[in-house]
Amino acid sequence: MGKARAKQTASDRITVQTAGNESYDICLQTSFEGLAEELSRIGCEGRRICIAADETVAELYLEAVSQEVKKSCSEIVTYVFPAGEQHKTLATVQGLYETLIRAGFDRKDYLLALGGGVTGDLTGYAAATYLRGIRFIQVPTTLLAQIDSSIGGKTGVDFDQYKNMVGAFHQPSLVYINIHVLQTLPEEQFASGMGELLKYGLSFDDEFYGWAIEHMGDIEEREEQALLYMIAKCCQLKKYIVEKDPTEKGDRALLNFGHTIGHAIEKLKNFELTHGACVALGTVAAAYISWQRGMLDEDEFYEIRDMNVGFGLPISFDGITEDQILQTTKSDKKMDAGKIRFILLKKLGKAFIAEDVTDAEILEAIRTMKAD
Ligand code: GLY
């Protein structure tokens, strides 16, 4: 699949309609210039808005976004908090509630999440709960947030050592993606997004997975057409899944391919590794079990594993034991009545939920990735 095809299929507006909720658009743009118009279209004109961002993103983009938002909204309030997963807490949400209360925000006012997955999730959770729910806008600034976390209404915070333990489904009113911000995204964060992107291809669309491999150079250079194509593709896949299963009663769980082991490693490594890096490791484990069960062949397994290296993602880790990972996996909320819900591959591009993966299979898969 060449660049010409990439151009043809990239769409700059994708509408998401989940049952019982208002539809919303994902706008795919190369600047913030269209933001004011989109805000007015959804009814922000003359309303108050609170922009929430972490310190890193605020320094880079708060001014540019505020200039645009000002053209539509009557008043802007900002809430800036320290960057990092360790701040994805109820305490940060509390600070946001206090800001909204002090500014007299009512049910018709808006929140805007400017940032990556942490910002989107915690701002969305504040929006879901403040005054029993106000509307919010996602302006994702990481690849991971642009292709995954900003879409589909999963909001929440971590609680004690549990990731995303407290949360709510609350759909955004708009997702405005400016791909230009990816130019300032650190390598490690870009690779993290690629971990989730490869997941989409492996789970749902082998042709897209092949496209990513073929366009590795363009992707690494963050070439505009390649970014537009791949982000649009992921947004379309995510739209398809969340429209079918908005609250993860069925197929939405397939988006958790690589996450069962991934979340455990993320937690045990104290969030030293990025989310996408941990998902990439979880992907290797899931692909290994799929291979051992005869659903992938040896070449396919090694291609999946080595693609991580190509996109700056790990294939091994150290410092934690396979038993720790297994036990942590068992305490994850991806359990169903005490059973681990493991996502495996029937073949490339076709994921399914397996509830019969044994401890021995999991331990063996983890052992193949241990570097110490
Ligand atoms: N990130 C997985 C989901 O939205 O379901």
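These numbers were taken from a predicted model, which means no experiment stands behind them.

1. Some words on the pairing of strand β6 (residues 135–140)
Burial analysis of β6 places 5 of its 6 residues in the buried class, which makes it a mostly covered element. After leaving strand β5 (residues 110–115), the chain enters helix α5 (residues 117–129) and then returns to the sheet as β6, a path that is right-handed. Relative to strand β9 (residues 174–178), β6 runs parallel, the two sharing 2 bridges. Of the residues in β9, the one forming a bridge with Ile 137 is Leu 174.

2. Structural notes on a nonpolar patch on the surface
Side chains of Leu 90, Phe 159 and Met 165 sit close together on the surface and give an oily, nonpolar patch of about 250 Å² of accessible area. Positionally, Phe 159 belongs in strand β7 (residues 154–159). Since its relative accessible area comes to 38%, Phe 159 is described here as partly exposed.

3. Description of the packing of aromatic side chains
Each aromatic ring pair is summarised here by two numbers: the centre-to-centre distance and the angle between the ring planes. Under the counting rule described, the total for this entry stands at 10 aromatic pairs. Taken together, a centroid distance of 5.7 Å and an interplanar angle of 90 degrees make the contact between Tyr 288 and Trp 291 edge-to-face. Of this pair, Tyr 288 and Trp 291 both sit in helix α12 (residues 275–292), 3 residues apart, which is roughly one turn of the helix. For the pair Tyr 288 and Trp 291, one class covers both residues: buried. Arranged with centres 5.7 Å apart and planes meeting at 75 degrees, the rings of Tyr 288 and Phe 301 form a pair that is edge-to-face. In this pair, Tyr 288 sits in helix α12 while Phe 301 sits in helix α13 (residues 298–310), placing the two residues 13 residues apart along the sequence.

4. A few points about the side chain of His 275
Topologically, His 275 is positioned in helix α12. Taking the relative accessible area as the measure of exposure, His 275 reaches 18% and is therefore buried. Looking at His 275, its side chain comes within polar contact range of the side chain of Glu 266, at 3.0 Å. Aside from chain neighbours lying at most four places away, what touches His 275 is Leu 144, Lys 163, Ser 192, Glu 196, His 259, His 263 and Glu 266.

5. So, the site of the ligand
Close to the ligand lie Asp 148, Lys 154, Lys 238, Glu 248, Arg 252 and Leu 255. A distance of 2.9 Å is found between an oxygen atom of the ligand and a side-chain nitrogen or oxygen belonging to Lys 154. In the complex, 88% of the free accessible area of the ligand, which totals 200 Å², lies under the protein chains. A breakdown of the residues in the shell around the ligand according to their chemical character gives 1 nonpolar, no polar and 5 charged.

6. Here we look at the environment of Gly 312
Considering the arrangement of structural elements, one finds Gly 312 in the loop between α13 and α14 (322–330). Given the relative accessible area of 56%, Gly 312 is considered exposed. As a C-alpha pair, Gly 312 and Ala 277 span 35 residues in sequence and 8.7 Å in three-dimensional space.

7. Description of the environment of Ser 23
By the element assignment, Ser 23 lies in the loop between β1 (13–16) and β2 (24–29). The class of Ser 23 is partly exposed, set by a relative accessible area of 36%. Along the backbone, Ser 23 and Gly 312 are 289 residues apart, and their C-alpha atoms lie at a distance of 36 Å. Here Ser 23 is in contact with Thr 15, Val 16 and Gln 17, once residues within four sequence places are set aside.

8. A look at unusual backbone geometry
Not every positive phi belongs to a glycine, and Leu 131 is a case in point at roughly 50 degrees. Tracing the sequence through the fold places Leu 131 in the loop between α5 and β6. Residue Leu 131 is classed as partly exposed on the basis of its relative accessible area, which comes to 36%. Even without a glycine there, the phi angle at Asn 164 is positive, about 50 degrees. The residue Asn 164 is located in strand β8 (residues 162–169) in this model.

9. Considerations on the nonpolar core
Counting 80 residues, the largest nonpolar core has Leu 143, Met 194, Phe 208, Met 230, Ile 231, Phe 311 and Phe 342 as the members making the most contacts within it. Per-element tally for this core: the top contributor is helix α10 (residues 224–244), with 12 residues. Every residue in contact with Phe 208, bar those within four places of it in the chain, is listed here: Leu 197, Tyr 200, Gly 201, Tyr 229, Met 230, Lys 233, Cys 234 and Leu 237. Among the nonpolar cores identified, the runner-up in size contains 23 residues, and Cys 27, Val 65, Leu 112 and Val 139 belong to it.

10. A short note on the pattern of salt bridges
The full count for this structure, using the stated rule, is 29 salt bridges. Where Lys 154 meets Glu 248, a salt bridge forms, and the shortest distance between an N and an O atom there is 2.5 Å. Placement of Lys 154 in strand β7 and of Glu 248 in the loop between α10 and α11 (259–268) is noted, with a sequence separation of 94 residues between them. Given a relative accessible area of 33%, Lys 154 falls into the partly exposed group. Glu 355 is the salt-bridge partner of Arg 341, the closest N and O atoms lying 3.6 Å from each other.

11. Observations concerning the confidence of the model for the protein
Per-residue confidence for the protein gives a mean pLDDT of 94; residues scoring 70 or more make up 95%. Residue range residues 1–10 is modelled with pLDDT below 50. Its contacts to residues more than four positions away, or to other chains, number 18 contacts.

Conventions adopted
Residues numbered from 1 in each chain as written. Predicted model: local features only at pLDDT ≥ 70, side-chain atom pairs only at ≥ 80, totals over all residues. Heavy atoms only, no water. Buried < 20%, exposed > 50% of the residue type's maximum accessible area, 1.4 Å probe, protein only. Helix = DSSP H or I, 4+ residues; strand = E, 2+ residues; numbered from the N terminus. Right-handed = clockwise from strand over helix to strand, strands pointing away. Pairing = 2+ DSSP bridges. Patch = residues over 30% accessible without salt bridge, like charges linked within 9 Å, V, L, I, M, F, W, Y side chains within 5 Å. Areas by Shrake-Rupley, 256 points an atom, 1.4 Å probe, with all protein chains shown as cover. Salt bridge = Lys/Arg side-chain N within 4 Å of Asp/Glu carboxyl O. Phe/Tyr/Trp six-rings, centres within 6.5 Å; stacked < 30°, edge-to-face > 60°. Polar contact = N/O pair within 3.5 Å; in protein donor to acceptor, adjacent residues only side chain to side chain. Contact = heavy atoms within 4.5 Å. Near = heavy atom within 4 Å. Nonpolar A, V, L, I, M, F, W, Y, C, P; charged D, E, K, R; others polar. Core = buried A, V, L, I, M, F, W, Y, C linked by side-chain atoms within 4.5 Å. pLDDT = per-residue confidence, 0-100.

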